[in-house]
Amino acid sequence: MIKELDDILFHSLRIFKKYGIKRITMDDLSREMGISKKTLYRFIENKVDLLEKVIDYENKKIDELFNRYEETGENSIDVLFNLSFDVIRMLKEINPVFTYDLQKIYPELCREHFEQKRKKTFENIKKNLLKGIEEGVYRKDIDVEMVALLYVQNMENVMNPDFLYGPSFSASGLFKVMFENHIRSIANEKGMKYFEEKIKDLNFNI
C-alpha cells in the first residue's frame, strides 16, 4: 500500500515538474502512469490533495538524501558536494512552469511548500556547518545561524522563476555559483585546499 502510494507520488512529481500543474489532468496522470483513475483515487481525493502529498513527499526525500550522506562518514564538504549533484539534477528536471503554476494557482500550498523546505534546509545546513567546524575544514569564527539563513535565501532565489531573468541563466548554473561562493565563504585553509582538489577530481565545472 505504502509502496503503491510512493510510486504514484514519485511519478506525479516527475510529470508535474516536466509539464507544469495547470495543464495536467487526473486523466493525464493515470494515463502516464499506466493505472486507472479508480486506482489513483484509492490513494488521493483530488488534485489539491495530490499536490499536498507530492510536496510533502519531495521535502521528505530531500531530507532523507541529506541524512543518508551524513551517515556515510564523509567530511562536511563531501556531504555538500554529494548533495549538490542531486540538487543540480533535480533543478535540471524542473520546468519553470511548475514553480510558476504553484505560485499563481496554489499560493497557499506554495507558501507551505517553501516554508517546509526552508526549515529543513536551515536545520540541515546548520548541522553541516557545526560538523565542518568540528572537523577543522570550516572556519571557527563563522556565524552558523546567519550563514545557514543566507544559504536558505540563496536557494529560494535559485528556485524562483522570476529571479532567472535572461536566457543565459539556468537554475542549475546559478546553484553551482552559489555553492562555490558558500564553500569559499566558510572554509578555512585546510578546507579550501580539499575543496579545490575535489573540484579538479570531480570535474564539477564551477
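Quick summary incoming for the structure in this document.

The rules behind these values
Residues numbered from 1 in each chain as written. Predicted model: local features only at pLDDT ≥ 70, side-chain atom pairs only at ≥ 80, totals over all residues. Heavy atoms only, no water. Helix = DSSP H or I, 4+ residues; strand = E, 2+ residues; numbered from the N terminus. Buried < 20%, exposed > 50% of the residue type's maximum accessible area, 1.4 Å probe, protein only. Contact = heavy atoms within 4.5 Å. Areas by Shrake-Rupley, 256 points an atom, 1.4 Å probe, with all protein chains shown as cover. Lys, Arg positive; Asp, Glu negative; His and termini not counted. Charge placed at Lys NZ, Arg CZ, Asp CG, Glu CD. Core = buried A, V, L, I, M, F, W, Y, C linked by side-chain atoms within 4.5 Å. Phe/Tyr/Trp six-rings, centres within 6.5 Å; stacked < 30°, edge-to-face > 60°. Salt bridge = Lys/Arg side-chain N within 4 Å of Asp/Glu carboxyl O. Axes fitted to C-alpha atoms, helices over the stretch in contact; angles between N-to-C directions. Parallel < 35°, antiparallel > 145°, perpendicular 65-115°, else oblique. Nonpolar A, V, L, I, M, F, W, Y, C, P; charged D, E, K, R; others polar. Left-handed = near helix turned anticlockwise from the far one by under 90°.

Describing the overall build of the protein
Then step 1. A tally of helices and strands in the protein yields ten helices and zero strands.
Then step 2. Listing each helix as α and each strand as β along the protein from the N terminus yields α-α-α-α-α-α-α-α-α-α.
Then step 3. With respect to the three principal axes, the spread of C-alpha positions in the protein is 60 × 40 × 30 Å.
Then step 4. Taken over 206 residues, the protein has a buried fraction of 47%.
Then step 5. A separation of at least 24 residues holds for 69% of the contacts in the protein among residues at least 6 apart in sequence.
Then step 6. A total accessible area of about 11600 Å² is found for the protein, and carbon and sulfur atoms account for 53% of it.
Then step 7. The protein carries 34 positive and 36 negative side-chain charges, and their two centres are separated by 4 Å.

Thoughts on the nonpolar core
Then step 1. Counting residues in hydrophobic clusters, the biggest one holds 62 residues, and the most contacted among them are F16, L29, L50, L129, Y138, F175 and F195.
Then step 2. Setting aside its immediate chain neighbours within four residues, F175 contacts S84, V87, I88, L91, Y151, M155 and V158.

Observations regarding the packing of aromatic side chains
Then step 1. A full pass over the atoms with the stated rule returns four aromatic pairs.
Then step 2. With centroids separated by 6.3 Å and ring planes inclined at 50°, the aromatic side chains of F179 and F195 adopt a geometry described as tilted. Here the residue F179 occupies a position in helix α9 (residues 171–186), and F195 occupies one in helix α10 (residues 189–202), the gap between them amounting to 16 residues. Each member of the pair, F179 as well as F195, is classed as buried.

Considering the pattern of salt bridges
Then step 1. Applying the stated rule across the entire model yields 15 salt bridges.
Then step 2. Between E58 and K17 there is a salt bridge, and its shortest N-O distance comes to 3.0 Å. Pair noted here: E58 is in helix α4 (residues 47–70) and K17 is in helix α1 (residues 2–19), with a separation of 41 residues, a long-range link. As far as the burial class goes, E58 and K17 line up, both buried.
Then step 3. Here K53 makes a salt bridge to D49, at a shortest N to O gap of 2.8 Å. Taken as a pair, K53 and D49 lie in helix α4 at a separation of four residues, close to a single helical turn.
Then step 4. Taking the relative accessible area as the measure of exposure, D49 reaches 11% and is therefore buried.

Looking at the environment of F16
Then step 1. Tracing the chain through its elements places F16 in helix α1.
Then step 2. In this structure, the C-alpha to C-alpha distance between F16 and M178, residues 162 residues apart in sequence, is 26 Å.

Some thoughts on the packing of α4 against helix α7 (residues 107–135)
The relative placement of two packed helices is expressed as an angle between their axes plus a distance between the axes.
Then step 1. It is at 10 Å that the axes of α4 and α7 come closest, and there the two elements cross at 5°. It follows from the interaxial angle that α4 and α7 lie roughly parallel. Of the residues in α7, those in contact with V48, L51, E52, I55, D56, E58, N59, I62, D63, F66, N67 and E70 of α4 are L109, H113, Q116, K117, K120, N124, I125, K127, N128 and K131.
Then step 2. For the contact of α4 with α7, a count of residues per class yields seven nonpolar, six polar and nine charged.

Section: the packing of helix α5 (residues 76–93) against α9
Then step 1. At a minimum axis separation of 9 Å, α5 and α9 run at an interaxial angle of 160°. By the angle class used here, α5 and α9 are roughly antiparallel. For the crossing formed where α5 meets α9, the hand is right-handed. Note on element contacts: α9 touches α5 through A171, S172, F175, K176, F179, H182 and I183, opposite L80, F81, S84, V87, I88, L91 and K92.
Then step 2. The residue inventory of the contact of α5 with α9, partitioned by class, reads nine nonpolar, three polar and two charged.

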